[in-house]
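Spelled out, the chains give:
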Amino acid sequence: MRPPSHFGNDITNTAANDGNNNSGSGDDNNNNNNNRNTIVARLTEMGATMMFPKIAGRGIIRVVERCDDAKENNNLDLSECELIQVPDAVYHLMRHTELKTCDLSGNVITKISPKFAIKFSLITDLNLAHNQMAKLPDELADLHSLQLLDISHNSFITLPAVVFKMPKLRELRANNNAIIDIDRDEIITSDSLELVDLRYNPLTPMCHELLSNANVSFRIELSERVKEEWEDLTI
(Lines give C-alpha, C1' and ligand atoms only; values in the text may rest on other atoms or scores of the structure.)
Protein backbone atom coordinates (compact mmCIF):
# COMPACT_ATOMS: atom_id res chain seq x y z
CA MET A 1 0.00 0.00 0.00
CA ARG A 2 1.35 3.42 -0.91
CA PRO A 3 1.70 5.83 2.04
CA PRO A 4 -1.08 8.39 2.60
CA SER A 5 1.36 11.19 1.81
CA HIS A 6 1.04 10.12 -1.83
CA PHE A 7 -2.35 11.87 -1.87
CA GLY A 8 -1.27 15.16 -0.28
CA ASN A 9 -1.34 17.11 -3.53
CA ASP A 10 -4.59 15.46 -4.68
CA ILE A 11 -6.50 16.44 -1.55
CA THR A 12 -5.04 19.77 -0.56
CA ASN A 13 -4.30 21.28 -3.96
CA THR A 14 -1.03 22.45 -2.46
CA ALA A 15 2.26 22.37 -4.29
CA ALA A 16 3.94 18.97 -4.22
CA ASN A 17 7.22 18.64 -2.39
CA ASP A 18 10.34 18.80 -4.48
CA GLY A 19 10.99 15.03 -4.20
CA ASN A 20 14.70 15.58 -3.41
CA ASN A 21 16.08 12.14 -2.59
CA ASN A 22 19.21 13.65 -0.99
CA SER A 23 17.39 14.82 2.14
CA GLY A 24 17.95 12.86 5.35
CA SER A 25 15.54 10.33 6.82
CA GLY A 26 14.59 12.80 9.55
CA ASP A 27 13.45 15.32 6.95
CA ASP A 28 11.49 12.61 5.13
CA ASN A 29 9.68 11.66 8.30
CA ASN A 30 8.87 15.27 9.04
CA ASN A 31 7.56 15.76 5.51
CA ASN A 32 5.37 12.65 5.79
CA ASN A 33 3.97 13.78 9.13
CA ASN A 34 3.30 17.26 7.79
CA ASN A 35 1.57 15.83 4.71
CA ARG A 36 -0.60 13.54 6.83
CA ASN A 37 -1.58 16.42 9.13
CA THR A 38 -2.49 18.50 6.10
CA ILE A 39 -4.59 15.64 4.69
CA VAL A 40 -6.45 15.23 7.98
CA ALA A 41 -7.13 18.96 8.19
CA ARG A 42 -8.33 19.12 4.59
CA LEU A 43 -10.63 16.11 4.90
CA THR A 44 -12.04 17.55 8.12
CA GLU A 45 -12.96 20.73 6.25
CA MET A 46 -14.68 18.64 3.59
CA GLY A 47 -17.17 17.03 5.93
CA ALA A 48 -15.74 13.78 7.23
CA THR A 49 -15.61 14.07 10.98
CA MET A 50 -17.37 13.51 14.22
CA MET A 51 -17.13 16.04 17.01
CA PHE A 52 -13.97 14.89 18.76
CA PRO A 53 -10.82 15.99 16.90
CA LYS A 54 -8.48 13.19 18.05
CA ILE A 55 -11.03 10.48 17.25
CA ALA A 56 -11.88 12.17 13.96
CA GLY A 57 -8.20 12.42 13.07
CA ARG A 58 -7.70 8.69 13.44
CA GLY A 59 -10.81 8.00 11.38
CA ILE A 60 -9.72 10.31 8.59
CA ILE A 61 -6.28 8.75 8.41
CA ARG A 62 -8.03 5.41 7.92
CA VAL A 63 -10.12 6.97 5.15
CA VAL A 64 -7.02 8.13 3.30
CA GLU A 65 -5.27 4.78 3.66
CA ARG A 66 -8.34 2.83 2.52
CA CYS A 67 -8.88 5.07 -0.47
CA ASP A 68 -5.29 4.27 -1.33
CA ASP A 69 -6.06 0.54 -1.09
CA ALA A 70 -9.18 0.93 -3.23
CA LYS A 71 -7.13 2.36 -6.06
CA GLU A 72 -5.41 -1.01 -6.25
CA ASN A 73 -8.25 -3.48 -5.56
CA ASN A 74 -11.36 -1.49 -6.57
CA ASN A 75 -13.03 -2.25 -3.22
CA LEU A 76 -13.59 0.79 -1.01
CA ASP A 77 -13.81 -0.12 2.69
CA LEU A 78 -14.69 2.91 4.82
CA SER A 79 -16.27 0.92 7.64
CA GLU A 80 -15.80 2.19 11.20
CA CYS A 81 -14.14 5.45 10.24
CA GLU A 82 -16.34 7.73 12.39
CA LEU A 83 -17.91 9.25 9.28
CA ILE A 84 -21.06 11.35 9.45
CA GLN A 85 -21.26 11.40 5.65
CA VAL A 86 -19.17 10.48 2.64
CA PRO A 87 -16.81 13.45 2.37
CA ASP A 88 -16.33 15.17 -0.97
CA ALA A 89 -12.64 14.38 -0.74
CA VAL A 90 -13.42 10.67 -1.12
CA TYR A 91 -15.19 11.30 -4.42
CA HIS A 92 -12.17 13.31 -5.47
CA LEU A 93 -9.71 10.58 -4.49
CA MET A 94 -11.73 7.91 -6.28
CA ARG A 95 -12.41 9.93 -9.43
CA HIS A 96 -10.22 7.68 -11.62
CA THR A 97 -11.18 4.37 -9.97
CA GLU A 98 -14.02 2.10 -11.08
CA LEU A 99 -15.19 0.73 -7.74
CA LYS A 100 -16.75 -2.73 -7.50
CA THR A 101 -17.85 -2.57 -3.86
CA CYS A 102 -18.33 0.08 -1.18
CA ASP A 103 -18.52 -0.63 2.57
CA LEU A 104 -19.73 2.28 4.73
CA SER A 105 -20.91 0.18 7.65
CA GLY A 106 -20.29 0.98 11.30
CA ASN A 107 -20.27 4.75 10.99
CA VAL A 108 -22.76 7.44 12.07
CA ILE A 109 -23.99 8.35 8.59
CA THR A 110 -27.48 9.84 8.48
CA LYS A 111 -27.82 10.32 4.73
CA ILE A 112 -26.26 9.47 1.40
CA SER A 113 -25.73 12.23 -1.14
CA PRO A 114 -27.56 11.90 -4.48
CA LYS A 115 -24.20 12.22 -6.24
CA PHE A 116 -23.10 8.90 -4.74
CA ALA A 117 -24.84 7.06 -7.59
CA ILE A 118 -23.07 9.24 -10.16
CA LYS A 119 -19.59 8.86 -8.71
CA PHE A 120 -19.85 5.14 -7.88
CA SER A 121 -22.23 4.02 -10.61
CA LEU A 122 -20.58 0.64 -11.25
CA ILE A 123 -20.61 -0.88 -7.76
CA THR A 124 -22.25 -4.26 -7.30
CA ASP A 125 -22.21 -4.36 -3.48
CA LEU A 126 -23.13 -1.52 -1.10
CA ASN A 127 -22.99 -1.99 2.67
CA LEU A 128 -24.70 0.75 4.71
CA ALA A 129 -25.34 -1.36 7.81
CA HIS A 130 -24.98 -0.04 11.36
CA ASN A 131 -25.49 3.64 10.63
CA GLN A 132 -28.26 6.14 11.46
CA MET A 133 -30.11 6.42 8.16
CA ALA A 134 -33.86 6.70 7.77
CA LYS A 135 -34.09 7.28 4.02
CA LEU A 136 -32.26 6.77 0.74
CA PRO A 137 -32.10 9.20 -2.18
CA ASP A 138 -34.11 8.31 -5.28
CA GLU A 139 -30.93 8.70 -7.33
CA LEU A 140 -29.70 5.34 -6.03
CA ALA A 141 -32.01 3.81 -8.63
CA ASP A 142 -29.23 4.73 -11.07
CA LEU A 143 -26.94 2.10 -9.55
CA HIS A 144 -27.60 -0.18 -12.51
CA SER A 145 -25.05 -2.81 -11.48
CA LEU A 146 -25.95 -3.06 -7.79
CA GLN A 147 -26.77 -6.63 -6.73
CA LEU A 148 -26.47 -6.53 -2.94
CA LEU A 149 -27.69 -3.72 -0.67
CA ASP A 150 -27.35 -3.92 3.11
CA ILE A 151 -29.28 -1.27 5.08
CA SER A 152 -29.66 -3.37 8.23
CA HIS A 153 -29.28 -1.90 11.71
CA ASN A 154 -30.38 1.61 10.76
CA SER A 155 -33.43 3.78 11.56
CA PHE A 156 -35.74 3.11 8.62
CA ILE A 157 -39.43 3.14 9.55
CA THR A 158 -40.53 2.12 6.07
CA LEU A 159 -38.82 0.24 3.28
CA PRO A 160 -37.40 2.79 0.81
CA ALA A 161 -39.29 2.62 -2.49
CA VAL A 162 -36.05 3.16 -4.43
CA VAL A 163 -34.87 -0.37 -3.63
CA PHE A 164 -37.54 -1.75 -5.98
CA LYS A 165 -36.25 0.45 -8.79
CA MET A 166 -32.70 -0.89 -8.83
CA PRO A 167 -32.69 -2.99 -12.00
CA LYS A 168 -30.22 -5.72 -10.92
CA LEU A 169 -30.71 -5.82 -7.16
CA ARG A 170 -30.88 -9.44 -6.04
CA GLU A 171 -30.54 -9.26 -2.26
CA LEU A 172 -31.81 -6.61 0.15
CA ARG A 173 -30.89 -6.82 3.81
CA ALA A 174 -33.17 -4.56 5.84
CA ASN A 175 -33.30 -6.46 9.10
CA ASN A 176 -33.02 -4.77 12.49
CA ASN A 177 -34.59 -1.46 11.59
CA ALA A 178 -37.78 0.26 12.84
CA ILE A 179 -39.87 -0.70 9.82
CA ILE A 180 -43.56 -0.88 10.64
CA ASP A 181 -45.03 -0.93 7.14
CA ILE A 182 -44.21 -1.01 3.45
CA ASP A 183 -45.68 0.57 0.35
CA ARG A 184 -48.01 -2.13 -0.88
CA ASP A 185 -47.79 -0.90 -4.46
CA GLU A 186 -44.00 -1.10 -4.58
CA ILE A 187 -43.32 -4.62 -3.33
CA ILE A 188 -44.55 -6.31 -6.51
CA THR A 189 -42.52 -4.24 -8.96
CA SER A 190 -39.09 -5.93 -8.88
CA ASP A 191 -38.08 -8.51 -11.47
CA SER A 192 -34.55 -8.99 -10.15
CA LEU A 193 -34.95 -9.49 -6.39
CA GLU A 194 -34.32 -12.93 -4.94
CA LEU A 195 -34.29 -12.16 -1.21
CA VAL A 196 -35.59 -9.42 1.08
CA ASP A 197 -34.62 -9.78 4.74
CA LEU A 198 -37.07 -7.97 7.02
CA ARG A 199 -36.43 -9.84 10.23
CA TYR A 200 -36.45 -8.05 13.56
CA ASN A 201 -38.62 -5.14 12.48
CA PRO A 202 -41.76 -4.04 14.41
CA LEU A 203 -44.12 -4.73 11.51
CA THR A 204 -47.80 -4.09 12.11
CA PRO A 205 -49.96 -7.23 12.29
CA MET A 206 -51.59 -6.33 8.97
CA CYS A 207 -48.25 -5.75 7.26
CA HIS A 208 -46.78 -8.96 8.67
CA GLU A 209 -49.74 -10.95 7.37
CA LEU A 210 -49.56 -9.25 3.98
CA LEU A 211 -45.87 -10.07 3.61
CA SER A 212 -46.32 -13.63 4.83
CA ASN A 213 -48.88 -14.27 2.11
CA ALA A 214 -47.43 -12.03 -0.59
CA ASN A 215 -47.48 -13.49 -4.08
CA VAL A 216 -44.03 -12.35 -5.18
CA SER A 217 -41.18 -13.93 -7.10
CA PHE A 218 -38.62 -13.40 -4.33
CA ARG A 219 -38.25 -14.76 -0.81
CA ILE A 220 -39.19 -12.56 2.13
CA GLU A 221 -37.62 -13.42 5.46
CA LEU A 222 -39.66 -12.41 8.51
CA SER A 223 -39.33 -12.98 12.22
CA GLU A 224 -42.12 -14.85 13.91
CA ARG A 225 -44.66 -12.28 15.02
CA VAL A 226 -45.20 -12.04 18.75
CA LYS A 227 -48.81 -11.32 19.54
CA GLU A 228 -49.67 -8.26 21.58
CA GLU A 229 -51.17 -8.87 25.01
CA TRP A 230 -54.56 -7.57 23.89
CA GLU A 231 -54.66 -10.16 21.08
CA ASP A 232 -54.62 -13.00 23.60
CA LEU A 233 -57.55 -11.69 25.57
CA THR A 234 -60.73 -13.73 25.32
CA ILE A 235 -64.11 -12.11 25.48
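Parameters at a glance
- Residues numbered from 1 in each chain as written.
- Predicted model: local features only at pLDDT ≥ 70, side-chain atom pairs only at ≥ 80, totals over all residues.
- Heavy atoms only, no water.
- Helix = DSSP H or I, 4+ residues; strand = E, 2+ residues; numbered from the N terminus.
- Contact = heavy atoms within 4.5 Å.
- Areas by Shrake-Rupley, 256 points an atom, 1.4 Å probe, with all protein chains shown as cover.
- Salt bridge = Lys/Arg side-chain N within 4 Å of Asp/Glu carboxyl O.
- Phe/Tyr/Trp six-rings, centres within 6.5 Å; stacked < 30°, edge-to-face > 60°.
- Buried < 20%, exposed > 50% of the residue type's maximum accessible area, 1.4 Å probe, protein only.
- Pairing = 2+ DSSP bridges.
- Axes fitted to C-alpha atoms, helices over the stretch in contact; angles between N-to-C directions.

Student: Can you help me understand the overall build of the protein in this one?
Tutor: When you go through the protein residue by residue, the secondary structure sums to 6 helices and 7 strands. Across the protein, contacts joining residues at least 24 apart in sequence account for 51% of those joining residues at least 6 apart. With an accessible surface of roughly 13000 Å², the protein has 47% of that area assigned to carbon and sulfur atoms.

Student: Explain unusual backbone geometry here, please?
Tutor: For residues besides glycine, phi is generally negative; the peptide bonds are generally trans as well. In this structure, Asn 74 is a non-glycine residue whose phi angle is positive, near 65°. Its location among the elements puts Asn 74 in the loop between helix H3 (53-73) and strand S1 (75-77).

Student: I tried to follow the pattern of salt bridges on my own but got confused; where do I start?
Tutor: It is possible for side chains of opposite charge to pair when their charged atoms get near one another. All told, the structure shown has 8 salt bridges when counted by the stated rule. Residue Glu 82 pairs with Arg 62 through a salt bridge whose shortest N-O separation is 2.8 Å. Within this pair, whereas Glu 82 is found in the loop between S1 and helix H4 (88-93), its partner Arg 62 is found in helix H3, the two being separated by 20 residues in sequence. Because the salt bridges share partners, they merge into one network encompassing Asp 197, Arg 199, Arg 219 and Glu 221.

Student: Just to check I follow, could you spell out the packing of aromatic side chains for this structure?
Tutor: The description of an aromatic ring pair rests on the distance of the ring centres and on the angle between the ring planes. Within the structure shown, the criterion is met by 2 aromatic pairs. Relative to Phe 120, the ring of Tyr 91 has its centre 5.4 Å away and its plane inclined at 45°; by these criteria the two rings are tilted. With Tyr 91 in helix H4 and Phe 120 in the loop between helix H5 (116-119) and strand S3 (125-127), this residue pair connects regions lying 29 residues apart in the sequence. When its relative accessible area of 5% is taken as the criterion, Tyr 91 is described as buried. Considering the side-chain rings of Phe 116 and Phe 120, the 5.1 Å spacing of their centres and the 90° angle between planes classify their relative orientation as edge-to-face. Pairwise contacts between aromatic rings join Tyr 91, Phe 116 and Phe 120 into one cluster.

Student: Would you mind going over the environment of Val 226 with me for this structure?
Tutor: Locating Val 226 in the fold gives a position in the segment after strand S7 (219-221). We classify Val 226 as exposed; its relative accessible area is 69%. Each C-alpha atom of the pair Val 226 and Pro 205 lies 9.4 Å from the other, and the pair is 21 residues apart in sequence.

Student: Would you mind going over the sheet that holds strand S6 (residues 195-197) with me for this structure?
Tutor: What holds strands together in a sheet is hydrogen bonding between their backbones, with the strands either parallel or antiparallel. Spatial ordering of the open sheet is given by S1-S2-S3-S4-S5-S6-S7, a layout of 7 strands whose pairing is parallel. Edge positions in the sheet fall to S1 and S7, since each has one partner strand and no second. Across the sheet, the mean angle separating the axes of adjacent strands is 5° when strand polarity is ignored. Pairing of S3 with strand S4 (residues 148-150), which is carried by 3 bridges, proceeds in the parallel orientation. Bridge assignment links Asp 125 to a residue of S4, and that residue is Leu 148.

Student: Looking at this structure, how should I read the environment of Val 63?
Tutor: Here Val 63 is to be found in helix H3. A relative accessible area of 1% places Val 63 in the buried class. Residues Val 63 and Val 90 lie 27 residues apart in sequence; the distance between their C-alpha atoms is 8.0 Å.

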